[in-house]
Amino acid sequence: MYRYDEFDHAFVAERVTQFRDQVARRISGELSEDEFKPLRLMNGLYLQLHAYMLRVAIPYGTLSALQMRKLAHIARTYDRGYGHFTTRQNIQYNWPKLGEVPDILAELAAVEMHAIQTSGNCIRNTTADPLAGVAADEIEDPRAYAEIIRQWSTLHPEFSFLPRKFKIAVTGAPNDRAVTRGHDIGLRMHLDNAGAAGFEVMVGGGQGRTPIMAKTIRAFLPVDQLLSYLEAILRVYNQLGRRDNIYKARIKILVQNVGVEAFADLVEAEWRHIRDGALDLPTEERDRIAAYFSPPPYDDLSEDCPALDNAIDAHPHFAAWMESNVQAHKQPGYAIATISLKPHGGIPGDASAAQMDAVADLSEQYGFGEIRVSYKQNLILPDIPKADLYALWLVLDRWDLATANAGRISDIIACPGLDYCNLANARSIPIAQRISERFSDLARERAIGDLSLNISGCINACAHHHVANIGILGVDKKGTEFYQITLGGVANENATIGSIIGPAFDEWQIADAVETIVDVYLQQREKDEPFIDTYQRIGPDPFKEKLYATDQAR
Amino acid sequence: MSTNLTQAITANRLSDGFVVYLTAQDQWSERIEDCQSADDPRSAETLFARAQHHADSGQIVGPYLFKIVRDGGHPVPLSRREIIRTTGPSVGTDLNLK
Ligand code: HEM
Ligand code: SF4
């Protein structure tokens, strides 16, 4: 894992001291809320419906056991005993007290964590493939590049006051698990004909009220030229991005307005001035950072594991979990285990302090003390010997962490919605709970197969409902919560924005509507066809007919 | 239930962000029962001016007027958002605790 160097330590410690002083001055009345708000947002502190909310970054979604225990400790000591893992590889605490936030930040700094760049019009926490370093399909570990981007972007003098927030995602694999096209800049690794690695650079993606998938402006950028090229993009955006209208300020609007090709030309022109200059890291420096992410000391294991095969035969529930929650590993004899934070009827992404501690313990007992946080709001244990999977599953089950639903319909991404969020139009969590309970039958959920369902409580689309197979958006109609459905969204390398299917449903109809959609799919699917393939084959009409035939909607 | 436009003042407390209501005694209470209400725009304005004063002195953050009805004397917010602010998250905060 990446370790802070002296500069990082000093920088984070200084920020804690600075913020402690700012909080004291706010409490004493020396600073007004107008003066304090930008300062607290720079440190990840929001004011929500019922309390403050602190957003802590989990860079490239990688945590050590030590860090996870610290997150648990903070939940227990300063909050109400739980935390909320988000799609952006952050954790949010819902109940911190203002006077204690500096202490929380100091605790985080002690394990090399912080809440900087989790808010504001800067380059936010760079996200990465949660399976970085272990996925069987990976070309190169993307985390070194995410870390290089972090170092370059942290407090970059030119880029701390961008027209709007800026999010970058990077993957080193052809199968995109980081929704790179959903970001302001997405980076996807490819090999050229000579076998050298480079990035496909995609620009102008985003969700919100104007969902757009990023367009490729460069098919192949040699990895050693990454920073100068990113700098060129940011410079063009900084100069031309709109600052007068918050709804038009994201880079996606700029790219749309000037056109992809013209935008690419502007970037290339800017790049010509700065490429081959001081910005790009020499190979030794990249190797030094990459070394932090070198693989753990794996044992030489056989890919065959009769003990595992026997356990699968003997325990159907374990077999179901293996099928949905365990993925192939680069290293023979190892596997990647997804820990579902989506118990049926539970709050998506929430974990109690005790569960966090349990996961930290398990990561040390069976893995190398490393934990990942995924786009799907789940946790991942990346390095589990196959022979230990059954023992791991038994313990997870005891902690209500063994729901066999990764990638299934009840693996719902949900934002905090109107239960917590100041900007919400409608609640998301109770809808997620109702739908996941509706599909809690294991056999039925397996029969439905892979299907993504995301719920956002307003058009900011924090839960990425636009790119879910079934997306649900909460809207407010004269003081009543309604839910609009989009179908056909895709979040992988073929990222697609879903289409609105028709009039919205109320909170009591929405679970029925989802069930109707699933029924249509099950009737129409051919063989093992997943939901999205059926949808793309038959289109929206059969779903529309069934949904609105009985006048379910108002 | 009265059909008049009745309003009360809410804000978040500076120290912990908790939801509070302005009372007739010029205090801030966590209980909506304690809120002072205003039945006409003039008194609502006066109420808001008092609240703004507390915001300026830093006790509370972001005061605003919101609509209520009196149900058998009890103040009940009209909007879902304000109902949730009085009760806390509708999903509870202990569901996931083991
Ligand atoms: C509860 C406090 C939250 C607030 C106040 C908030 C606010 C916002 C706002 C205003 C936007 C729209 C930005 C824009 O379009 O320019 C946004 C987008 C987004 N938020 Fe949140 N959010 C919150 C929680 C979350 C959570 C819990 C997650 C993860 C589950 C999240 C992830 C995102 C993502 C992925 C986007 C889309 C970014 C894009 O436009 O490309 N947010 N948020
Ligand atoms: S989508 Fe809307 S309701 Fe949900 S967290 Fe984001 S801003 Fe809040």
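Look up a bit, the structure's there.
Here is a short report on the structure shown in this document. (Residues numbered from 1 in each chain as written. Chains lettered and ligands numbered in written order. Predicted model: local features only at pLDDT ≥ 70, side-chain atom pairs only at ≥ 80, totals over all residues. Heavy atoms only, no water.)

Thoughts on the overall build of chain B
Next, step 1: Along the backbone of chain B there are two helices and six strands.
Next, step 2: Secondary structure elements of chain B, listed N to C terminal, follow the sequence β-β-β-β-α-β-β-α.
Next, step 3: Per-residue burial for chain B yields a buried fraction of 43% across its 98 residues.
Next, step 4: Long-range pairs, those at least 24 residues apart, make up 55% of the contacts in chain B between residues at least 6 apart in sequence.
Next, step 5: For chain B, the exposed area adds up to about 5,100 Å²; of that, 50% sits on carbon and sulfur atoms. (Helix = DSSP H or I, 4+ residues; strand = E, 2+ residues; numbered from the N terminus. Buried < 20%, exposed > 50% of the residue type's maximum accessible area, 1.4 Å probe, protein only. Contact = heavy atoms within 4.5 Å. Areas by Shrake-Rupley, 256 points an atom, 1.4 Å probe, with all protein chains shown as cover.)

Description of the interface of chain B and chain A
Accessible area lost when the parts come together is the quantity often used to give the size of an interface.
Next, step 1: Counting from both sides, the interface comprises 25 residues of chain B and, opposite them, 37 residues of chain A.
Next, step 2: In this assembly, chain B packs against chain A so that about 2,500 Å² is buried in total across both faces, 58% of it on carbon and sulfur atoms.
Next, step 3: The tally of links between chain B and chain A comes to two salt bridges.
Next, step 4: Its salt-bridge partner being R80(B), residue E507(A) comes within 3.2 Å of it at the nearest N-O pair.
Next, step 5: Counting across the interface, chain B meets chain A through eight residue pairs in polar contact (both at pLDDT 80 or more).
Next, step 6: Residue assignment for the side of chain B that touches chain A shows that the elements contributing at least two residues are β1 (6-13), β5 (60-71) and α2 (80-87) of chain B.
Next, step 7: When the residues that make up the side of chain B that touches chain A are grouped by side-chain class, the tally is ten nonpolar, nine polar and six charged. (Buried area = accessible area lost by both parts, 1.4 Å probe. Salt bridge = Lys/Arg side-chain N within 4 Å of Asp/Glu carboxyl O. Polar contact = N/O pair within 3.5 Å; in protein donor to acceptor, adjacent residues only side chain to side chain. Nonpolar A, V, L, I, M, F, W, Y, C, P; charged D, E, K, R; others polar.)

Concerning the site of ligand 1
Residues and elements named next belong to chain A.
Next, step 1: Around ligand 1, the surrounding shell holds 22 residues, and the nearest of these are T86, T87, K165, R250 and C462.
Next, step 2: In this structure, R164 approaches ligand 1 through a side-chain N or O atom, which is 3.3 Å from an oxygen atom.
Next, step 3: One nitrogen or oxygen atom from the main chain of Q207 is found 3.1 Å from an oxygen atom belonging to ligand 1.
Next, step 4: For the shell around ligand 1, the residue count by class is five nonpolar, eleven polar and six charged. (Near = heavy atom within 4 Å.)

Focus on the sheet that holds strand β1 (residues 45-47) of chain A
All names here are of chain A.
Next, step 1: Taken in spatial order, the five strands make up an open sheet running β1-β2-β5-β4-β13, and their pairing is antiparallel. A single partner strand is all that each edge strand has here, and the edge strands are β1 and β13 (350-352). This sheet shows a mean twist of 30 degrees between the axes of neighbouring strands, independent of strand direction.
Next, step 2: Sheet analysis places β1 next to strand β2 (residues 52-57), joined by three bridges and oriented antiparallel. Looking across to β2, one finds that L45 is bridged to L54.
Next, step 3: Across the sheet, helix α3 (residues 65-78) touches β4 (82-85) and β5 (90-93), and the angle it forms with β5 is around 15 degrees.
Next, step 4: Against the sheet, helix α12 (residues 353-366) contacts β4, β5 and β13, and its axis sits at roughly 85 degrees relative to β13. (Pairing = 2+ DSSP bridges. Axes fitted to C-alpha atoms, helices over the stretch in contact; angles between N-to-C directions.)

Quick look at the packing of aromatic side chains
Residues and elements named next belong to chain A.
Next, step 1: Overall, the coordinates contain 19 aromatic pairs over all chains when judged by the stated rule.
Next, step 2: When the ring of Y390 is compared with that of W393, the centres are 5.9 Å apart and the planes differ by 25 degrees; the resulting orientation is stacked. Of this pair, Y390 and W393 both sit in helix α13 (residues 389-398), three residues apart, roughly one helical turn.
Next, step 3: Three or more aromatic residues joined by ring pairs form one cluster here, namely F318, W321, Y390 and W393.
Next, step 4: Against the face of F482 rests K477, its NZ or CZ located 4.6 Å from the ring centre. (Phe/Tyr/Trp six-rings, centres within 6.5 Å; stacked < 30°, edge-to-face > 60°. Lys NZ or Arg CZ within 6 Å of the ring centre and 35° of its normal.)

Digging into the coordination of the iron atom of ligand 1
Next, step 1: In this structure, the iron atom of ligand 1 receives exactly one donor atom from the protein: C462(A) (SG), at 2.2 Å.
Next, step 2: Position of C462(A) among the secondary structure elements: in the loop between β17 (453-456) and β18 (470-477). (Donors = N, O, S within 2.8 Å, 3.2 Å for Na, K, Ca; no water.)

Describing the pairing of β17(A)
All names here are of chain A.
Next, step 1: Here β17 shows two buried faces, one formed by L453 and I455 and the other by N454 and S456.
Next, step 2: Two strands pair when backbone bridges link them, and strand β16 (residues 413-414) and β17 are joined in this way by two bridges, in the parallel orientation. Within β17, the residue paired with A414 across the bridge is I455.
Next, step 3: Alignment of β17 against β18, held across four bridges, turns out to be parallel.

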